[in-house]
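# Report on the structure
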Amino acid sequence: MAWFRNINIKTEHEIEIMRSAGQINAEALQAAHDAVCVGATTADINAAAEEVLKKYGVYSPFKNYPGPYPYPSSTTVSVNEELVHGIPGKRKLREGDIVSVDCGAVYEGFVADSAFSTGVGEISPDARRLLEVTEASLYKAIEKMIVGNHIGDVSAVVEKVAEANGFYVTHEYTGHGVGRDMHEGPQVPNYGIPGQGMLLRKGMTIAVEPMVLVGTRATRVLKDQWTVTSADRSLTAHFEHTIAVTNNGPLILTLLENGKGPGQIGPGLKLDRIRDN
Ligand code: MG
Ligand code: MG
């Protein structure tokens, strides 16, 4: 696919615009998070996010995204064994479910892309651990997004954190560059070898998105041709941020105004100071 090589370095001004897109996206995701409760439908979750996008007069790049048929919603809402690309609809959330919401926002021509996973009511300790590990793998990977590091350094961390906890990462779906298009280069797999892959350069903007599965790395696509599930129907989780590579280290563009990720569980980015490169 052509976008693998389509790497666009952004100016500081463009990164500022993407940060605005990211804050709106975070607010939309937080609204989706706050709408998660027993009995809510996945369409309700989508509507909560859409309301925020509408308030800012922005749209989601997910809507009508080309695929087997144009993607029908502004968000993807994926429940339990659904890893990514769940289409919002009539499915009602039940106590103990885990739900992943992915959303994008286009502001002044630039895209922000992020996702979170959360529990519905009381969830099992195993489900809680899956959420915590998946989120931690994201923030630990982001810490590697330093000028001069390689994509493999970022990818390897996701794999290492997930596998150290007995989970699996998908080999079929990846993170990606993001900018004027939702999917630019480079690809950022959830597995890799440190020191390998493309060099990270100042001005790259990349969506890193660990997709973690409990029982297998194999996936299936449902009859709706969009929804991706674990092949064994075991639980899955997905977290994502859009990050700019800067001379002062990774700048997460999809945080809320309070500096937290929507639905954030753990401490977030531990990195408190990065040397100037
Ligand atoms: Mg996404
Ligand atoms: Mg993405």
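In what follows, the structure referred to is the one given above.
Residues numbered from 1 in each chain as written. Chains lettered and ligands numbered in written order. Predicted model: local features only at pLDDT ≥ 70, side-chain atom pairs only at ≥ 80, totals over all residues. Heavy atoms only, no water.

Attention now moves to the pairing of strand S1 (residues 75–79). Among the five residues that make up S1, five are buried, leaving the element largely enclosed by the rest of the structure. Here S1 shows no split at all, with Thr75, Val77 and Val79 on one side and Thr76 and Ser78 on the other all buried. Where S1 meets strand S3 (residues 98–107), five bridges bridge the pair, whose relative direction is antiparallel. Paired with Ser78 across the two strands is Ser100, which belongs to S3. (Buried < 20%, exposed > 50% of the residue type's maximum accessible area, 1.4 Å probe, protein only. Helix = DSSP H or I, 4+ residues; strand = E, 2+ residues; numbered from the N terminus. Pairing = 2+ DSSP bridges.)

Now for the packing of helix H3 (residues 125–142) against helix H4 (residues 151–164). As a packed pair, H3 and H4 sit with axes 8 Å apart at the nearest point and diverge in direction by 155°. Between H3 and H4, the angle falls in the class roughly antiparallel. For the crossing formed where H3 meets H4, the hand is right-handed. In contact with Val133, Ser137, Lys140 and Ala141 of H3, H4 contributes Val154, Val157, Val158, Val161 and Ala162. (Axes fitted to C-alpha atoms, helices over the stretch in contact; angles between N-to-C directions. Parallel < 35°, antiparallel > 145°, perpendicular 65-115°, else oblique. Left-handed = near helix turned anticlockwise from the far one by under 90°. Contact = heavy atoms within 4.5 Å.)

Now for the coordination of the magnesium ion (ligand 1). For the magnesium ion (ligand 1), the protein coordination sphere consists of Asp102 (OD), Asp102 (OD), Asp113 (OD) and Glu240 (OE), at 2.0 to 2.4 Å. Mapped onto the polypeptide sequence, the residues donating to the magnesium ion (ligand 1) form the spacing pattern D-x10-D-x126-E. Between the two metals, the magnesium ion (ligand 1) and the magnesium ion (ligand 2), the spacing is 3.2 Å, and Asp113 donates to both. Placement of Asp102 in strand S3 and of Glu240 in the loop between strand S12 (236–238) and strand S13 (241–246) is noted, with a sequence separation of 138 residues between them. Of the two residues, Asp102 and Glu240, both sit in the buried class. (Donors = N, O, S within 2.8 Å, 3.2 Å for Na, K, Ca; no water.)

Shape descriptors only; they carry no functional weight alone.
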